[in-house]
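Fold and geometry: a report
Read off the chains here:
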Amino acid sequence: MAVDACRRAPSIRCAWDERRAANIWTCPRFYHLSIAYSNEMATRARLLARTLRIAATVRSSAAASGLRRPVSAGIAVASAVVLGASTVICAADPKASAKDVAAKAQTMYGGNPRLIYDLIIQHIANGGEASADVLWRLARACHDLAGESSDKTAKKSLTLEAYAAMQEALKKDPNSSPVHKWMAIIISDIGDFEGTTKKLQDSYLIRDHFVRAIELDPKDATARHLLGLWCFTFADLPWYQAKAAAAFFATPPSSTYQEALAHFDGAESIEPGFYAKNKLMLGKTNLRLKNSAKAKQYLEECLAMPANNADDRAAHAEAKQLLAQC
């Protein structure tokens, strides 16, 4: 199974790096893209996001923006300007198929996300096919770049670009497990820019995408973990937020710790030790269920795992705090 961001990305944002922002249910649906873009966001949309639809549009946009160098390099350089950092341009073979580019992006995963981003952007700008497999990897690269950026405007711009990519990917392949999983993750990322009310309103949407991802690929440990996070969040929802949810739904979203535990257990059985945060959540959920011995076991197992990135280190820090309660 392809290694995915929940394990390799630097942190959960919704999960994600599939994580940096651990509140999985932060999933407001972005119904339209008529947001008042800043100048940087508008430039990014002009130079980059349109490559998702027609390469010719990107070339015209780049020319309209005054780029004099070849568009494949110009787009990558423009992305560096928007992100506020230099980018090493990863050359894309103009003859490469979408399948080849998706495979190359996958082998590069876990390294510098900017290289993956540039590879895919150049592929599309050169007239390559923007297949669903290419697009969800582009969204993942945007997600990872947003996680690394400290600039709020750049984060939002990258997240909107990721959402545009996922909309196209879902149209092209509605029966792809990674597409549904990443659509849920990106919608969750958008929740960072909208309030709790919107997050609650769209909580069913993110759940349904994860459920569909699992139906299409029952062996995806990360999707099971993320659905477990959704269940845990609503089982653990403070009373005032539960009351707010009741104002929007005839049947407000709800879950139980037992449901969350079943998903975390399921993820672990699919791929033992795949993710420190899954061990943390097994411990945390057992603690909520008053199973102190099991909670202690999982929390210690979490701490025994290597801390390779910020997400793992955050899991270790919380595990240490929770162990004091066992």
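Keep in mind the model is a prediction, meaning the values are calculated, not measured.

This paragraph deals with the overall build of the chain. Scanning the chain from terminus to terminus reveals 17 helices and one strand. Counting every atom, the chain has about 13600 Å² of accessible surface; 52% of that belongs to carbon and sulfur.

We now examine the pattern of salt bridges. Within this structure, the stated rule accounts for eight salt bridges. Of the charged contacts, one joins Asp-220 and Lys-181 as a salt bridge, the two residues approaching to 2.8 Å between their closest N and O atoms. Remark: Lys-181 occurs in helix H9 (residues 177-190) and Asp-220 occurs in the loop between helix H11 (203-216) and helix H12 (221-235); sequence separation between them is 39 residues. When its relative accessible area of 4% is taken as the criterion, Lys-181 is described as buried. In this structure, Lys-279 and Glu-268 form a salt bridge, with 3.2 Å as the shortest nitrogen-oxygen distance. With Lys-279 in helix H15 (residues 276-288) and Glu-268 in helix H14 (residues 257-270), this residue pair connects regions lying 11 residues apart in the sequence.

Another aspect to go through is the confidence of the model for the chain. Averaged over every residue, the pLDDT of the chain is 77; the share at 70 or more is 71%. Contacts for the low-pLDDT stretch residues 1-89, under 50 throughout, to residues beyond four places or in other chains number 268 contacts.

Checked against the element boundaries, Ser-149 lands in the loop between helix H7 (132-148) and helix H8 (152-172). Apart from residues lying up to four places away in sequence, Ser-149 is in contact with Ala-154 and Lys-155.

It is worth spelling out the packing of aromatic side chains at this point. All told, the structure shown has three aromatic pairs when counted by the stated rule. Here Phe-232 and Tyr-257 contribute two aromatic rings whose centre-to-centre distance is 5.6 Å and whose plane-to-plane angle is 55°, an arrangement assigned as tilted. Remark: Tyr-257 occurs in helix H14 and Phe-232 occurs in helix H12; sequence separation between them is 25 residues. Phe-232 sits in the buried class, given a relative accessible area of 6%. Centre to centre, the rings of Phe-274 and Tyr-275 are 5.9 Å apart; their planes meet at 55°, and the pair counts as tilted. Like Tyr-275, Phe-274 is buried.

What follows deals with the packing of H11 against H12. Interaxial distance between H11 and H12 falls to 9 Å at its minimum, and their mutual angle equals 150°. Classified by the angle their axes make, H11 and H12 are roughly antiparallel. For the element pair H11 and H12, the recorded crossing hand is left-handed. Each of Ser-203, Ile-206, Arg-207, Phe-210, Val-211, Ala-213 and Ile-214 in H11 lies in contact with H12, whose residues at this interface are Ala-223, Arg-224, Leu-226, Leu-227, Trp-230 and Phe-234. Grouping the amino acids of the contact of H11 with H12 by side-chain chemistry returns 10 nonpolar, one polar and two charged.

Right, let's get into helix H6 (residues 113-125). With 13 residues, H6 extends 18 Å between its outermost C-alpha atoms, agreeing within 8% with the 18 Å of an ideal straight helix rising 1.5 Å per residue. For H6, the buried fraction is high: 12 of the 13 residues fall into the buried class. Among the residues of H6, those classed as buried are Pro-113, Arg-114, Ile-116, Tyr-117, Asp-118, Leu-119, Ile-120, Ile-121, Gln-122, His-123, Ile-124 and Ala-125. Taking the backbone nitrogen of Arg-114 as reference, a side-chain oxygen 2.9 Å away marks Asn-112 as the first, capping residue of H6. Once H6 finishes, Gly-127 follows within two positions and takes phi at roughly 95°, a positive value.

Cut-offs and rules
Residues numbered from 1 in each chain as written. Predicted model: local features only at pLDDT ≥ 70, side-chain atom pairs only at ≥ 80, totals over all residues. Heavy atoms only, no water. Helix = DSSP H or I, 4+ residues; strand = E, 2+ residues; numbered from the N terminus. Areas by Shrake-Rupley, 256 points an atom, 1.4 Å probe, with all protein chains shown as cover. Salt bridge = Lys/Arg side-chain N within 4 Å of Asp/Glu carboxyl O. Buried < 20%, exposed > 50% of the residue type's maximum accessible area, 1.4 Å probe, protein only. pLDDT = per-residue confidence, 0-100. Contact = heavy atoms within 4.5 Å. Phe/Tyr/Trp six-rings, centres within 6.5 Å; stacked < 30°, edge-to-face > 60°. Axes fitted to C-alpha atoms, helices over the stretch in contact; angles between N-to-C directions. Parallel < 35°, antiparallel > 145°, perpendicular 65-115°, else oblique. Left-handed = near helix turned anticlockwise from the far one by under 90°. Nonpolar A, V, L, I, M, F, W, Y, C, P; charged D, E, K, R; others polar. Expected span 1.5 Å × (residues − 1). Polar contact = N/O pair within 3.5 Å; in protein donor to acceptor, adjacent residues only side chain to side chain.

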